Amino acid sequence: MMIPGHKSTFKTLLTGTILWIMGTLTGLGQSREEETDSLNLLEINKSIINNNNNPQALAHLYLKLGKSYESIYGFNKFSLEAFQQSAGLFKQTGDSANYYDAIMKVATIYYVDNFTKKYALEHYYAALRYFKKTGDIENKIHCQLSIIDTKKLQKPFDYKLITELKEVEKECISYRYDLQLSYAHNLLAICHIINGNLNEARKYANLSQMYAEGAKIKWLVSLNYFYMGKIEDHNHQKKKALDYYLKALALSGETKNVAYAKDITEAVAACYTDLGDHKNANIYHKKTLSFINQFYESEQTKNFRLEKVNNQFKNLQAESKLIEQEIRKTNMQNVILVIVLIFLVSGAIALYIGNRQQKLISNQQELINEQKIKNLELKSLESLMQGQENERSRIARDLHDSLGIQLSQIKFFIETHGKNFLPEEKKSVNRIIDEAFYEIRVISHNIHPFSLSNFGLIIALEDLIHKLQSIKKTEISIRKYGNFPELNQEAIALLYRAIQELINNALKHAHPNKIIIQIITNEEELLINVEDDGNGFEVGQEEKGSGINNVIFRVEYLSGQVIWQSSPERGTSVMISVPLKKVTAS
């Protein structure tokens, strides 16, 4: 069984329930449905142009536009702008009910980003006051649950949230709002998990699941399975936790929400690791890395798909000019008015598209500049690390060859010409010289281990572990899985220094009883996992020192990735993944 504490922090695993309530993120590719939605966007924009002087119609059109953007691209700034525009027009026309409906949409998008959660709360509280005033119980309950969902991870934890959820639970039962009741029970389970009250958490997770299964709400069934797994995970029942995680994964709809799928596969990998099934752990670690990459790639492709819509808007301008020509044939006076109107609308659209394109170009240039800076940093890092290794080798040689030879000469001189020394004095001097010899060998080996350049990574690590265990009480072990390939000298030096830094950090800061180093190889990757059962820390809140940055730089130089998993008093697990083609000897 692996050392406890390697799991991701609870904060990163709490996929927002509000996002499930409002709808899941879309997949990576643009489906036929998305192409249909793109055509709908054109129709909506045509209607916006035609209803430019009708605020009431415009309000509904912008609300529809926001929903279409959200359906195609997920939560993004374009849907946010449309919902904000809609809310402003509803307020202008005095349509309070639809105004607060739009306000809720805006709040849901603000909820996604930690930096804008405070604005989400402001909008939810404004809507809550309105629904209380109008007696809209169902929307009032929805607002209350959204507010609690937004505040549940704030530190320190506010125990009044549990009391508020209990009150909402009573109202849901009274009015028979099963969906909201399941939502409330789900939040109660999460709050009790946060506070370590696993029995209460299990009770409310089961209640939420009962209503979700009864209503056949698959996303909520999946979410409840996930938290049931979390409960058993915290209770060290790894097999039960794994069963729940796999059920959650089966219902998660991986291609629709890669962020949620990443959370589940990460938890599954951790369970397999704890159960000693390293083959399956490796499979799900790779899936986790794949979902991480898919998430960022999908974010990058959104702007390109938006550009496609913008090109269709340009075609709309051309169609407007044809309409202008047809109107000119019928009535010259009307033609002049239509030309002026179309010119103004086309100018606004062109300006909008031009600004959008300029922003896209600027973003692309920023990405290019960032990549150039990254390349320069890597070249600088390469020179620095090469210089460090060369200097280490030079100092080690100088200590051994120069100072070692001089000490040998001194000892030889004393042996041959030290007639005036008393036997005890000669013995004392020889002992001091022998100790100096030993210290020089230790320092030379620490600076540049002999086994690193002569016997490879595994032998060098075993030698390092042997020396550390001779002076530390911590139990350190190394385990190897798969056929270990022959590595090039550059990769051996970089990986050795990275692992050495992780071990030193654990010994210095975490004070563990055990440290386990696992090295796993497959056809494509070399995976290294360094785990300890020490103090742990909150991932994302720990300031990265030069040692940690050196680990990241060395791994990134090898085109690899580093993932930290830790929580207070639960230990730390660091996963390093590098492609074999980058590290194997040519």
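Up top is the structure these notes are about.
Everything in this summary refers to the structure shown in the same document.

Details of the packing of aromatic side chains
Part 1 of the reasoning: This structure, assessed with the given rule, holds eleven aromatic pairs.
Part 2 of the reasoning: Taken together, a centroid distance of 5.7 Å and an interplanar angle of 15° make the contact between tyrosine 175 and tyrosine 177 stacked.
Part 3 of the reasoning: Relative accessible area serves as the criterion here: at 18%, tyrosine 177 is assigned to the buried category.
Part 4 of the reasoning: Note on phenylalanine 226 and tyrosine 227: the rings are 5.4 Å apart at their centroids and 70° apart in plane angle, and the pair reads as edge-to-face.
Part 5 of the reasoning: Under the relative-accessibility criterion, tyrosine 227 is labelled buried at 2%.
Part 6 of the reasoning: Pairwise contacts between aromatic rings join Tyr99, Tyr100, Tyr130 and Phe131 into one cluster.

A closer look at helix 8 (residues 137–151)
Part 1 of the reasoning: In this model, helix 8 (15 residues) spans 21 Å end to end at C-alpha, consistent with the 21 Å of a helix rising 1.5 Å per residue.
Part 2 of the reasoning: Here helix 8 has its buried residues at Lys140, Ile141, His142, Cys143, Gln144, Leu145, Ser146, Ile147, Ile148, Asp149, Thr150 and Lys151.

So, the side chain of serine 573
Part 1 of the reasoning: The residue serine 573 is located in strand 5 (residues 572–579) in this model.
Part 2 of the reasoning: The class for serine 573 is buried, based on a relative accessible area of 2%.
Part 3 of the reasoning: A polar side-chain atom of serine 573 sits 2.9 Å from a polar atom in the side chain of asparagine 529.

A word on helix 7 (residues 117–134)
Part 1 of the reasoning: The terminal C-alpha atoms of helix 7 lie 26 Å apart, and with 18 residues this matches the ideal 26 Å at 1.5 Å per residue to within 8%.
Part 2 of the reasoning: By the burial criterion, the buried members of helix 7 are Lys117, Ala120, Leu121, His123, Tyr124, Ala127, Leu128, Tyr130 and Phe131.
Part 3 of the reasoning: Directly beyond the C-terminal end of helix 7, a positive phi value near 75° is found at glycine 135.

Rules used in this analysis
- Residues numbered from 1 in each chain as written.
- Predicted model: local features only at pLDDT ≥ 70, side-chain atom pairs only at ≥ 80, totals over all residues.
- Heavy atoms only, no water.
- Phe/Tyr/Trp six-rings, centres within 6.5 Å; stacked < 30°, edge-to-face > 60°.
- Buried < 20%, exposed > 50% of the residue type's maximum accessible area, 1.4 Å probe, protein only.
- Helix = DSSP H or I, 4+ residues; strand = E, 2+ residues; numbered from the N terminus.
- Expected span 1.5 Å × (residues − 1).
- Polar contact = N/O pair within 3.5 Å; in protein donor to acceptor, adjacent residues only side chain to side chain.

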